[in-house]
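# Structural characterization, general
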Amino acid sequence: SLFVHLYESLSSASCQVPGEDTDLFFSLYDSTKQEFISERMAVRYLADGSLHDTGNGKNPSHSWLFTDLDSSMLDQFPELFIICHVVRLGRMDMSVKKPTTSIFRRPVGCVVLPLAKLRAVVNEPATMVQVSSYMYTVADEKDFSVLHDHAIRRLIKPSERSSASLNLQLIYGDLGSALDSNPGLLSKETFLVRKLGFAAYTLPGEVRNDIFVTLDRGEFEKGSKSSAKNVEVTVNLMNMNGAPMDMMVQASASPPTSELQSVIMYHNNTPRWGEPFRLNIPLHLISEAVLAFNIRHCSSTSDSRADKQSVFAYLRLVKTDGTTIQNGLQELCVYRYSNSCLHPPVFMSVPSTLEELAQMGSPTALSLSKKESFSVITQVCSTKLTQDPRLLALLQWRMHQDQLVEVLEGLMHMDGRGVCLFMHDAMDALFNILDIDNKLCTQLVFNALVHFLNFLLQPEYEQFVETLEKYISVHFSGAMAYKKLLTGLRGYIDNAHRPEFREPLLHTVQCFHFVFKIITQSRHLHVRAAKAQGTLAPFRESVEKMTRALISLIQSNDASLHHIQCAALKSLSNSIDMFRTAFCSGDLAALLSSAVDAIPADEPNHRLLESKLAYMLVLTSNSLFDSADARRTLLPIMLVHTSAHLASGMHIESVLRLIGKIVTRLESKSCHAEHDDKRQLADLLPQLVAYFSTHISGSGDGSLDDKAYMVICSLLGILRLMESDVYGELMPTLPSTSDFVQELFNIFWFLLTVDVFDRSWTSLRLIVHNIVLVSISSLAEILRPDAGGCSPELMMQYFMLATTFVTQPVLQLELLHPIRANQVRARFGDMRFVMATELVLMWSILSEDRNTYVPTLPKPLLSAALVQQDEVRRAVLPLFIDLLELDYAMHGSIDAVSADLLGSLEPVICAGAGDYEFLSLAEEIWLGNVANSTTLSEEASSLICNLVNRIVPLGIMLIDYRLLGETDRTSADRHKRMLALYNLLSFYQQHGPHNLHQAALCQLARLHILEESWTEAAFTLLRVSESLDFGDHTMLEGVLKYPRQPAASRKEALTESIVEFFGKGKAFEDGIEQCDTLISLYRHQTFNYSKLRSVLSVQASYFGSIVDDLRPAREYFRVGYYGQGFPHFLQNRTFVYRGEEYEKLTSFQERVLMDHGNVELMKTNEAPGEDITSSDRGYLQICTVKPCPRVPPQFETEAVNGRIREYHESNNVTQFEYSRPFHKGPKDKDNEFKSLWLERTTLTVAWALPGILAWSEVLDTKVSLVSPIDNGVETMVAKNKQLQSMIASYRANSGANINPLSMALNGVIDAAVMGGTENYEKAFFVTSYLQENPDDAGQVELLKKLMVEQVGILEQGLRVHHALAPENLKPFHEKMEASFAQMKEKMLLKYGSFTKNAGDVNNARSVSVDADKPVPRARPRKTTPDGNFASSVSPTPGPKPLTTRFSSVRTSHPAAVGGLERMLGQRVAAARFYTTKSPPPVAKPQVRTDRMRKTVHGRLTSLSHSRRNVPGE
């Protein structure tokens, strides 16, 4: 908007002076120009701190509006400020406490409020902004007038005790509309604070009559006083008789008055005030108004102002010549005070200003004080008072008829603002003078009129055009002026060849349309006044002669006239409506079109050509173009010139703008375009199509400039007007019909595949698609074989266009709101179905030439068939059977079409097309057509049915995958997408195609990387790598992080990533194997020894990590998804999952439940019934399973590091098991192990874990029973292997934390001493058991051997523990040795001597190894200078709580339950020992304690001397 206003309301202020009234004056200040740009707004605080009521009931909220700000100020907000001057009203000196009755205006300070915050809300006019600032207190009162400038330049610091705060809001529009559109914010009572001077844009008819006077400065004599004076200026407004005039306003919100007092600067003879006030004096009183300035000294001690007046000055507001006082500084004459100063007739006889003094000489009536000075600044802002004597002379021309020539010549030097503000009166004066029969005055009036009218062509005065038009239509009364004005125009035009006439001719031609409007109005007034009839012909003849003379001027080849010719074309175009008052449409079109022919298309002056095209544009835009008679003349000429300009390639944008306007006008209802109009316009189509193909079609990235948009819109407009018969008439005129159609198809393809228009412009995009649809349908009639046909390439392009059209997003009405969709159907119908019908019809016509299109049609047809419109699907789906039948007829198979369909299904469905209903409908139509076909052979039918049975399941899986969404932000999202990818991988692995299988693997790898499942990512990439070869150099497209590269380079890069990911996943063994692949490549093929060195280094580090790094075995979990509440690919299926590091059952359950939302966790592991599997809800069954390892035999020996074996015990596993304990037969309360059986379930999965997924589907489930004796054997085998592994680990890494070994040894020894293994003896080693179970004799013997073997293992463990135990654990170790002595003695008495191997445990039935207990991570050992390992290594954190580690023992190994529970108690005692440094209570041995201690001590001593560098040696 051109108009900006600033609303302000006072939020808070703490600037008031206690005990005195305080005035706050707010005004706008421009710091760049260092001047105030508005008058003041006054807010008064009373002595009690309350806000003063203005007394007129206005604006109790103290808000106001700064009006008429320039829109250019929006960028100047950082330089604009609101200045609040603070003035107190009270005693002269605050330190004098004597009561006073006089009120003086004294300065306090100012607040500077910046407007920079408004810059952020320029485009948010309804936003309120608050600004606040502290007050700057005046220190030296002489600086009060410039205090704000010092504050802005930060020359002073504010006082933080006082501040002010305002609420600000920008309001746009002219003042009247601003008040009307903001009734809640503004009202008629809102104070309006006017701008000092006129706004940049003055509204026509605006009336303003303000005179602003600012007290500037003075310099006064000290006189007889010892100190400087306290100068006060009293301003009085009076008339010539001395009567006061209450027409002076100190600030907005202040009441009118006839007297004002200035601020007093304490003891200052050279005060600077800078205080403005406003005069609102009616026009009829302004000539009598006088300002009197009474200047006096005010005592600091006396209250009275009387008899202290020292000097006097006055100011006339109207000068003696009748003009208002000029703007600017007025230096007034200062007179010594006398009684004569009270009488205006006396003091007005002496000079008012120093300028008058220089003209009039020294005064005699009053005594001039030459050493004193006083000045004010005036600014007149009035639309009625003129300061220009030339304008005043024109307005008063009747008083100066003898000087009329001088008056008229003086008008040629006036400025524009004065003329525009007084346009009405100035025009009346000119036309009144024109009535005088004086040839010289007539020419001078014409010149002045042209001079005035040319001001309206300038941007700063263009708003006054409305004022002129209103004057011409309402106030103009010169009925005879048209004759003299026509004569004046012809005089200049006819003398165009004379150089001295060029400049006035240019000015005349520029305002020709204004002059011609006055001429036509004058002619109208003349006819109406004379009541003449049939008098149009002479006037028309005069106008036609003048116009043809102007056109002849335009046709001239004189280069010096080009700028005049351009102005003439513009003026002619602006005068068309006036010409229509004198001519009929056909004649006027012929006259005006001759101006077009006057300038040929090959005119070298580009500016003149642009003017010509602009003239044609206006001709087209005018209502004259609606007339069929005028259009028959105008349109052919315009199209000829337009075609010529298109061919030349010059001024294309103007040409396109003209074409667009022609199209728009022909489409309008007022035009009633005829067939011939459309046919003539169609001749431009080939040129536009060729221009598009040459200059725009290559911009496939959618980056279009304005010219491209104009070409596209012109094309669309012409196509929209073209009818089928127009195509039929156009085609025979073209050199090559097929080339033209192909270029048109390219344009349609561009419009359908490039976002030419913003996606939010739905209505426009629908119109474009409707144009394309109609055009393709019209062109299809030309392409049909019965109409001449076309090439197969062009027909294929038609099919591609048709299928692409059907799939356009803007046409998918199902995605729109139902109301909006119905509106589109009502206006355009369903364009998809129309195009699909056209496509099917064209296919049916091509009965003999279909084979050509079989290789390329399946994919586009599939895209069209997948749209969510049932009629389109039913129309398109049968075509696939035709394609398959044609494929079988040509090749004896349907492999080509099948591969195309299967390969196209994934990208199309994943892009968002298709649903389950489509698959159902496709299956129904395809199988139905096959069944009803009479042309398909039995083999072809079978092949097609098999294909349908593959497509439908694949489509379901793809839709399942798509419905999961594209987000991978959370682990749950990625997990669901992996589950869906699993099904797709299975399908592609079985049915192909290979490229989609590889793409799915890459997508799966990406998800694994996001999830940081490094091992699974490595196995997935390994699958991709296995399909490549180091000898293959075929170029592969970029995928994941890998760029476009040869297959060999891709395999190498993949293998490097696989090695890296195996390392991150701690699958070092698999990483070492992949390192071997790279080593072989670099060593024997590429000979890249630099990379070989790096790979060998990585491989060596992996070997070290196998032995040194902590790799806790992952737990495995069985997960059953039961019920219909899960996606299709999960319902009633079972998987085994590999848990994350340190993840236990509870954490895993929480994770899976979180992934699947509202499902229920089953409490038991029993097989679910039909009520669960067919339920609408989802049920999860989760339990821990144990891997059944396939440890290579070479890793089973004791010489192999336990950590090597542990990895193979929990990785590369395909079978898992879990057990459910139950009692068979009566339960023995004293020994439950007699009847404790296990129901063991063994699961076989699809692939080994870990693998490409963190889970694998269960393919086979077997259930077996484990007898009590077999259970006992398994428990002992597992425990012995655990101990052996742990002992071997501590032997290899003596610096590891010893706590786990302490707990393991103590748990077994303590349990044995307390009777843990006696339950086995009571249950299985008795004669009655062997009599009842003779087949278990071997197992019983094996159990005995295992128990004996355990004693030997424990003895080895105690030796290691003794060597590694720190001093604070020695008492605990001694306690274990004592307990072990008891245990060993018992076993010696029962089973004889102890051997290292207790027999072949591999002969045990159902023996399983429970070796998944975590081994503490070993930290690197320090070395001594001689290269040996140091003995002191920082201990690593101990194992997890035993309650967690052995939570499963209660069910799987019940024989050790009692001992473990006692071991937990012992651990608590040991912990107490660690904190109190006192030995835990140890039970005394019952037999041979001293001798056993000596024996154990001796063996441990011999063991310690046999090893070097063992701690405690």
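Residues numbered from 1 in each chain as written. Predicted model: local features only at pLDDT ≥ 70, side-chain atom pairs only at ≥ 80, totals over all residues. Heavy atoms only, no water.

## Details of the overall build of the protein
Looking only at helices and strands, the protein has 55 helices and 29 strands in total. Considering the protein as a whole, with its 1513 residues, one finds that 52% of them fall into the buried category. Sequence-distant contacts, at least 24 apart, represent 73% of the contacts inside the protein between residues at least 6 apart. As presented, the protein carries roughly 67,700 Å² of accessible surface, and 51% of it is formed by carbon and sulfur atoms. (Helix = DSSP H or I, 4+ residues; strand = E, 2+ residues; numbered from the N terminus. Buried < 20%, exposed > 50% of the residue type's maximum accessible area, 1.4 Å probe, protein only. Contact = heavy atoms within 4.5 Å. Areas by Shrake-Rupley, 256 points an atom, 1.4 Å probe, with all protein chains shown as cover.)

## Digging into helix H43 (residues 1145–1156)
Taking 1.5 Å of rise per residue, 12 residues should cover 16 Å, and H43 covers 17 Å from first to last C-alpha, within 8% of that figure. Within H43 the residues assigned to the buried category are Phe1148, Gln1149, Val1152, Asp1155 and His1156. With its buried residues spanning 125° around the axis, H43 presents them on a single face. Exposed side of H43, more than 90 degrees from the buried face: Thr1146, Glu1150 and Met1154 are the residues found there. (Expected span 1.5 Å × (residues − 1). Arc of directions from axis to C-beta.)

## As for the packing of helix H13 (residues 502–510) against helix H16 (residues 562–574)
Two elements in contact, H13 and H16, have axes separated by 8 Å at closest approach and are oriented at 20°. Looking at the two axes, H13 sits roughly parallel to H16. The interaxial crossing formed by H13 with H16 has left-handed handedness. Of H16, the residues touching H13 (which contributes Arg502, Leu505, Leu506, Val509 and Gln510) are His563, Ile564, Ala567, Ala568 and Ser571. (Axes fitted to C-alpha atoms, helices over the stretch in contact; angles between N-to-C directions. Parallel < 35°, antiparallel > 145°, perpendicular 65-115°, else oblique. Left-handed = near helix turned anticlockwise from the far one by under 90°.)

## Quick word on the pairing of strand S20 (residues 373–382)
When you tally the buried positions in S20, you get seven out of 10 residues, the bulk of the element. Where strand S11 (residues 209–219) and S20 come together, 10 bridges link them in antiparallel fashion. Paired with phenylalanine 212 across the two strands is glutamine 379, which belongs to S20. Bridge count between strand S18 (residues 328–332) and S20: five bridges; the pairing is antiparallel. Residue pairing for S20: leucine 332 is matched across the bridge by phenylalanine 374. (Pairing = 2+ DSSP bridges.)

## Regarding the nonpolar core
The biggest cluster of nonpolar side chains holds 291 residues, and the ones touching the most others in it are Leu394, Phe431, Leu453, Phe748 and Phe799. When neighbours within four sequence positions are excluded, phenylalanine 431 is seen to be in contact with Leu449, Tyr471, Phe476, Ala481, Leu485 and Ile518. (Core = buried A, V, L, I, M, F, W, Y, C linked by side-chain atoms within 4.5 Å.)

## Concerning the packing of helix H27 (residues 762–783) against helix H30 (residues 831–845)
Two elements in contact, H27 and H30, have axes whose closest approach is 11 Å; the angle formed by their N-to-C orientations is 15°. It follows that H27 is roughly parallel to H30 by the angle criterion. Crossing of H27 against H30: the hand is left-handed. Here Leu766, His769, Asn770, Leu773, Ile776, Ser777, Ala780 and Leu783 of H27 come into contact with H30, specifically with Met831, Val834, Met835, Glu838 and Met842.

## Some details on the pattern of salt bridges
Applying the stated criterion across every chain yields a total of 52 salt bridges. The closest approach of N and O atoms between arginine 874 and aspartate 870, which form a salt bridge, is 2.8 Å. Residue arginine 874 and its partner aspartate 870 are located together in helix H32 (residues 870–876), separated by four residues, close to a single helical turn. What makes aspartate 870 partly exposed here is its relative accessible area of 41%. (Salt bridge = Lys/Arg side-chain N within 4 Å of Asp/Glu carboxyl O.)

## Examining the environment of glutamine 521
Considering the arrangement of structural elements, one finds glutamine 521 in helix H14 (residues 512–530). Given the relative accessible area of 18%, glutamine 521 is considered buried. Residues glutamine 521 and isoleucine 472, spaced 49 residues apart in sequence, show a C-alpha to C-alpha distance of 7.1 Å. Non-local contacts of glutamine 521, meaning those with residues more than four positions away in its chain, are made with Ile472, Ser473 and Phe476.

## Observations regarding helix H20 (residues 628–648)
One full turn of an α-helix is made of 3.6 residues, so residues set three or four places apart face in the same direction. Given a rise of 1.5 Å per residue, 21 residues ought to cover 30 Å, and the 30 Å separating the end C-alpha atoms of H20 matches this to within 8%. Taken as a whole, H20 carries its principal kink of about 25° at leucine 634; the proline proline 636 stands between one and four residues after it. Against helix H18 (585–597), helix H19 (606–621), helix H21 (652–667), helix H22 (675–682) and helix H23 (685–695) lie the buried residues of H20. Two residues or fewer after H20 comes glycine 649, characterised by a positive phi angle close to 75°. (Bend = angle between axes of the 7 residues up to and from the residue.)

## What to know about unusual backbone geometry
Each neighbour pair has its own omega, and for leucine 1249 with proline 1250 the value is -5°, a cis peptide bond. Here proline 1250 is to be found in the loop between strand S28 (1236–1249) and strand S29 (1255–1266). Positive phi, close to 60°, is recorded for glutamate 1012, a residue that is not glycine. Mapped onto the elements of the fold, glutamate 1012 is located in the loop between helix H38 (994–1011) and helix H39 (1014–1026). Positioned with a positive phi, leucine 1040 is a non-glycine residue whose angle comes to about 50°. Mapping leucine 1040 onto the fold places it in the loop between strand S21 (1035–1036) and strand S22 (1045–1046). Exposure remark for leucine 1040: the relative accessible area of 35% places this residue in the partly exposed category.

## Observations concerning the packing of aromatic side chains
The relative placement of two aromatic rings is captured by the distance of their centres and the angle of their planes. Per the stated rule, a full pass over the model turns up 37 aromatic pairs. Considering the side-chain rings of tryptophan 273 and phenylalanine 374, the 5.9 Å spacing of their centres and the 70° angle between planes classify their relative orientation as edge-to-face. On the criterion of sequence distance, the pair formed by tryptophan 273 in strand S15 (residues 272–279) and phenylalanine 374 in strand S20 is long-range, its members being 101 residues apart. Here phenylalanine 1135 and tyrosine 1137 contribute two aromatic rings whose centre-to-centre distance is 6.5 Å and whose plane-to-plane angle is 70°, an arrangement assigned as edge-to-face. On the basis of relative accessible area, tyrosine 1137 is assigned to the buried category, the value being 3%. Among the aromatic residues, those joined into a cluster by ring pairs are Tyr982, Phe1117, Tyr1121, Phe1126, Phe1135, Tyr1137, Phe1148, Trp1247 and Trp1255. The ring of tryptophan 1014 is capped by lysine 1064, whose NZ or CZ atom sits 4.2 Å from the centre of that ring. Sitting above the plane of the tryptophan 1237 ring, lysine 1224 keeps its charged end 4.3 Å from the centroid. (Phe/Tyr/Trp six-rings, centres within 6.5 Å; stacked < 30°, edge-to-face > 60°. Lys NZ or Arg CZ within 6 Å of the ring centre and 35° of its normal.)

## Examining the sheet that holds S18
Strand order in this open sheet of five strands is S13-S15-S11-S20-S18, and the pairing throughout is antiparallel. Each of the sheet's edge strands pairs with one partner strand only, and the pair in question is strand S13 (248–249) and S18. Two elements, S11 and S15, share six bridges in a ladder whose sense is antiparallel. Counterpart to phenylalanine 212 in the pairing with S15 is arginine 278.

## Some words on the side chain of glutamate 1321
Here glutamate 1321 shows up in helix H48 (residues 1318–1324). Among the residues examined, glutamate 1321 registers a relative accessible area of 12% and is labelled buried. If near-sequence neighbours (up to four positions away) are discounted, glutamate 1321 is found in contact with Val1326, Met1347, Lys1390 and Tyr1391.

## Describing the environment of leucine 569
Note that leucine 569 resides in helix H16. The buried category is assigned to leucine 569, whose relative accessible area is 1%. Distance in space between the C-alpha atoms of leucine 569 and glutamine 510 is 9.5 Å, their sequence separation being 59 residues. Beyond its immediate chain neighbours, meaning those up to four positions away, leucine 569 contacts Ile554, Ala595, Ile599, Leu608, Ser611, Lys612 and Tyr615.

## Overview of the side chain of serine 775
Here serine 775 lies in helix H27. Apart from residues lying up to four places away in sequence, serine 775 is in contact with Leu719, Tyr727 and Phe748.

## Notes on the environment of cysteine 84
Mapped onto the secondary structure, cysteine 84 falls in strand S6 (residues 80–90). Look at cysteine 84 and you get buried, because its relative accessible area is 0%. A sequence separation of 29 residues divides cysteine 84 from leucine 113, and the C-alpha atoms of the two residues are 7.9 Å apart. Ignoring any residue separated from it by four or fewer positions in sequence, one finds cysteine 84 in contact with Leu24, Phe25, Phe26, Gly109, Cys110 and Val111.

## Comments concerning the state of the cysteines
Following the criterion strictly, the structure yields zero disulfides and no others. A disulfide-free cysteine, cysteine 110 has its sulfur positioned 8.2 Å from the sulfur of cysteine 84, the nearest such atom. (Disulfide = S-S within 2.5 Å.)

## What about a negative patch on the surface?
There is a patch of like negative charges on the surface, built from Glu610, Glu653, Asp705 and Asp706. Residue position: aspartate 705 is located in the loop between H23 and helix H24 (706–721). Residue aspartate 705 is classed as partly exposed on the basis of its relative accessible area of 45%. (Patch = residues over 30% accessible without salt bridge, like charges linked within 9 Å, V, L, I, M, F, W, Y side chains within 5 Å. Lys, Arg positive; Asp, Glu negative; His and termini not counted. Charge placed at Lys NZ, Arg CZ, Asp CG, Glu CD.)

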